[in-house]
Amino acid sequence: MSLGNTVRGWMAVSLMAVAVIVPSAQEKPKPDPQKPAAPEFKDLDAFMKSLPSATVKPLDQQAALLYTALPLACMDDLQARPAQRPYFWQPTYRTVENHDKVRAFYGCNDWSTAVNATWTIVTLLKKYPAIPVEGLIREKLTDHLGRTNLEGELGYFKNAPNFQRPYGHAWLLKLYAELSTWKDPDGARYSDNVAPLARFIADSLIAYLVDLDRPVKMAGQTNTAFALGFLLDYSDIARDTTITRAVSDTAKRLFLADTNCATETEAASPEMVSPCLAEAAIMSRVLDQPAFVAWFDRFMPPAFTPKFRPLTTVDLSAVGTGRGGRGRGGRGAGAPAATTPPPATEAPPPTTQAQGDRPPAAGERGAGAGAVPPDSAGAAAAAGGPGGGGRGGPQASPRATWTGLALTRADAYTRIAKALPATDARVAVYRRLAAIHAAKGIDGLTDPAAFDAPWLGTFAVSYLLTPTAGN
Amino acid sequence: MTRTTLIRRLVIFAACLAPFIAHPRAQHAGAGGAAKVSTTAAKDLSAMLTSLPSATAPVLDQPQALWLATMPLACIDRPHAAPAARGYLWEATYRPPDDYQRNLAFYGCYDWHSSVNSMWTLVRLIKSYPDLPVAPLIKQKLSKHLDKSNIEGELAYLKTAGQFERPYGYAWILKLTAEISDWKDPDAQKWAANMAPLAQWTSKEMAAYFKALPEPNRGGAHMSTSYGMYLMLDAIEVVKDDALRASIVENAMRFYQNDKDCDTKIEPAGTDYLSPCLTEAALMSRIMDRPQFLTWVDTFLPPMYAPAFKPLTEPVDTGGSRPDRLAGKSHLIGLAFQRGQVMYRLAEALPASDPRATVLRRLAAIHGVKGMIGMHDAGYYGTHWIHTYVVMYMMGQSRTEQGTR
């Protein structure tokens, strides 16, 4: 992108953001010459008529082949050595001895992405047993999911129970759910190897959830509602009623009283999760239909209102700054931005984040060393992969982050639509919004930016396998 | 929740608050949660004020100053915590930098910004209470940390350190320097001269930083843009800095002047130590003229008696006791003082006759009382920094006191 385009893109975005945030401010923002003023809709019908139709390319073996390529290519690409020069404690690094024997998820930029890359190839092989990369997938799985690898993982987690909690934990359990329901001799062996780690993580997560006083409402992977959704994916498949109950109790305790979600503040800058939709999606799964509808009516502004507008589409090319974002939607959380503000004057760009679960240097987590608890804020700053600001790995580009948002929104819209009564007028609207976002997200996967973000393919697969996803 | 935790929480609440102030959990307590909140809300401001418990704000005096000074004294030479966790793939061994006692200044008090604001606490207290029995000890510590070579080492590091400690730690450098520069004391004048190059560089960097920021950070912790600006204004009020002030004013207007309906109902997040809505309002009260501010704040903050504002009227329950959550808990303890501090500031910005000012001062007192009760509950996670927030709170309280007398 040329500098001129960047600047124009910037101006468009800031004007758009202002228009969205303060639709009725006394001082009307200047209209954006490149975009017609957003029309007002008098009701849901009028809004529905305004929405373009969208076609989502369904998952088939050919598409699946593409979705296996990124995980296969990243699983053995070692997570980067931390690069920053700390203020006080000066590190000397070496890799864990025999890392390929005592660790399982050491590639793909960060741990959670390595886990969900593994999930992706397992899931696709189960669905398409004749996929041409079958042999290659089994080879990778055998290398990474050996007994000693998982024993090493468990040993590590016993000393670092907060590492990658809760998002990475949810993905590990999702992986275990797929392995444990795979009728395949190799699969049974992998499943046995992963089982002790899965049990340890499930137990520690339950303690974590019971004690969680306040949800994280950030717009990235630390978002509590978002992680709870993945946990339910696991417990639905593995029939782990203890986790189902813990998720359900936690969601109700944390979210039931919420009303009038601040949709107008979302997506002011690139972010991967819609806090409002993620919360509605998890509530759609833990409440029965009448209770959900009553809650949803109080919680979500009508789709045709200006307040809801930021949730109606994603512009993949919105910001070209490479900074990622937490935006206004992220403000509910204690976690400092995975994003770092722009460098002032000639200052160097944000350094890569610390690796592993070593606390990042103070500045990297928003000057928050020490006073930031390791299990939420620290994890956020240290969060690799989704949400930007990876440690070790490349910073997610804005385009990749928007693509992620399109896919996670598509999933949430689909789940909400499914939970509403069939006669509810919102069902068709939400399905359409799901299709619009899914089509955008799947388009975004072919962008070069996506190759640095292997988790995007995982999100696409995860969405496409959501019941009733697609057109 | 365990029974002991529950009992402890109840005791804490009974001790300082009238029973009508709902336990935060009560808001989540069931399907009727939302309805319950609204039925307990007051009809209007005077009904709200009547319903608030009376509270006597903790005030700064010499015994309190001595107690507060012990905390920074105890941490200023205790080096930052070494990274405790093993790496997942990359393991590290750590050593301190060579000769750090001569080449660095802010290596104590758990982390960099806490070390800077701890020195601010010491300077602030010794200026107010020159006869403090520990005054010579304080000077000895400051002398050791703020020597020329130490500050030169800091500047050299910061120039290589990218986003490290921006904006929060940088704001504290400016506040500390301002406090020292304004101190008529021969030693202080020497330290001020040592700090000057660091402060000038910091100021220039921050002016550019706000200008380049596409969106403010609206969180409740270190990265908060409004709080960084707010703290820097404290420094600028003492030591004039037109360029930085212009950047703050211009960019605060760009970020915030069109804001409305601040989402008070979602405060606080689990590790917030500042109130995003109150801090933004307090900041704007310092950069807009009064009529402009009064118009703006009416659309920005919900009415104080409204259900949406209720989370800001109640000191946060900090009863959780898991050892791995102490850092977050320390944030919520400090939050009481930060809210109190900005409430005093907001009260000052309102006309004396405005009933909201009375409500804000009462709320600030309630928060201060609660904060003092929980002050030590997070151990070193709290004591390495909260003293500064107590001092800022008490200074706000005392300014209010003088203003209303």
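Thresholds, definitions, all that
- Residues numbered from 1 in each chain as written.
- Chains lettered and ligands numbered in written order.
- Predicted model: local features only at pLDDT ≥ 70, side-chain atom pairs only at ≥ 80, totals over all residues.
- Helix = DSSP H or I, 4+ residues; strand = E, 2+ residues; numbered from the N terminus.
- Buried ≥ 20, exposed ≤ 12 C-beta atoms within 10 Å, placed from the backbone.
- Contact = placed C-beta atoms within 7 Å.
- Domains from an automatic or database assignment.
- Nonpolar A, V, L, I, M, F, W, Y, C, P; charged D, E, K, R; others polar.
- Core = buried A, V, L, I, M, F, W, Y, C linked by C-beta atoms within 7 Å.
- Axes fitted to C-alpha atoms, helices over the stretch in contact; angles between N-to-C directions.
- Parallel < 35°, antiparallel > 145°, perpendicular 65-115°, else oblique.
- Left-handed = near helix turned anticlockwise from the far one by under 90°.

### Things to note about the overall build of chain B
Then, number 1: Counting secondary structure elements, chain B contains 19 helices and one strand.
Then, number 2: Taking all 405 residues of chain B together, 52% fall into the buried category.
Then, number 3: In chain B, 80% of the contacts between residues at least 6 apart in sequence involve partners at least 24 apart.

### Considerations on the domain arrangement of chain B
All names here are of chain B.
Then, number 1: Structurally, chain B comprises domain 1 (57-256) and domain 2 (262-405).
Then, number 2: When each unit is reduced to the centre of its C-alpha atoms, the spacing between domain 1 and domain 2 is 22 Å.
Then, number 3: Between domain 1 and domain 2, the contact holds 30 residues from the first and 32 residues from the second.
Then, number 4: Elements represented by at least two residues in the side of domain 1 that touches domain 2 include exactly α4 (62-75), α6 (112-128), α11 (225-238) and α12 (242-256).
Then, number 5: With seven residues, the top contributor of residues to the side of domain 1 that touches domain 2 is α6.
Then, number 6: For the side of domain 1 that touches domain 2, a count of residues per class yields 20 nonpolar, eight polar and two charged.

### Some remarks on the nonpolar core
Then, number 1: In this structure, A:Leu173, A:Leu231 and A:Ala460 are the most contacted members of the largest nonpolar core, which totals 127 residues.
Then, number 2: When residues in this core are grouped by element, the largest group, 11 residues, is from helix α15 (residues 398-419) of chain A.
Then, number 3: When near neighbours in sequence (up to four residues on either side) are disregarded, A:Leu231 contacts A:Ala170, A:Leu173, A:Ile243 and A:Val247.
Then, number 4: The next biggest cluster of nonpolar side chains, apart from the first, holds 115 residues, and it includes B:Tyr110, B:Cys262, B:Met304 and B:Leu332.

### Let's talk about the environment of A:Tyr463
Residues and elements named next belong to chain A.
Then, number 1: As for its placement among the helices and strands, Tyr463 is situated in helix α17 (residues 455-464).
Then, number 2: With 26 C-beta atoms counted inside 10 Å, the residue Tyr463 sits in the buried group.
Then, number 3: Sequence-wise, Tyr463 and Ala438 are 25 residues apart; in three dimensions their C-alpha atoms are separated by 8.1 Å.

### What about the environment of A:Ala46?
All names here are of chain A.
Then, number 1: The topology assignment puts Ala46 in helix α2 (residues 44-50).
Then, number 2: Assessed through the 12 C-beta atoms surrounding it within 10 Å, Ala46 is described here as exposed.
Then, number 3: Considering only alpha carbons, one finds Ala46 and Ala246, 200 residues apart in sequence, at a separation of 41 Å.

### Focus on the packing of helix α10 (residues 224-238) of chain A against helix α11 (residues 241-255) of chain A
Residues and elements named next belong to chain A.
Then, number 1: At a minimum axis separation of 9 Å, α10 and α11 run at an interaxial angle of 155°. Taken together, the axes of α10 and α11 are roughly antiparallel relative to one another. The two elements α10 and α11 meet at a crossing, and its hand is left-handed. Residues Thr224, Ala225, Leu228, Leu231, Leu232, Tyr234 and Ser235 of α10 touch α11, and the partners they reach there are Ile243, Thr244, Val247, Thr250, Ala251, Leu254 and Phe255.
Then, number 2: Grouping the constituent residues of the contact of α10 with α11 by class yields 10 nonpolar, four polar and no charged.

### Considering the packing of helix α12 (residues 275-286) of chain A against α15(A)
All names here are of chain A.
Then, number 1: Closest axis-to-axis distance for the α12/α15 pair is 9 Å, and the angle between their directions is 35°. For the element pair α12 and α15, the recorded crossing hand is left-handed. On α15, the residues touching Leu277, Ala278, Ala280, Ala281, Ser284 and Arg285 of α12 are Arg409, Ala412, Tyr413, Arg415, Ile416 and Ala419.
Then, number 2: Its residues assigned to classes, the contact of α12 with α15 shows eight nonpolar, one polar and three charged.

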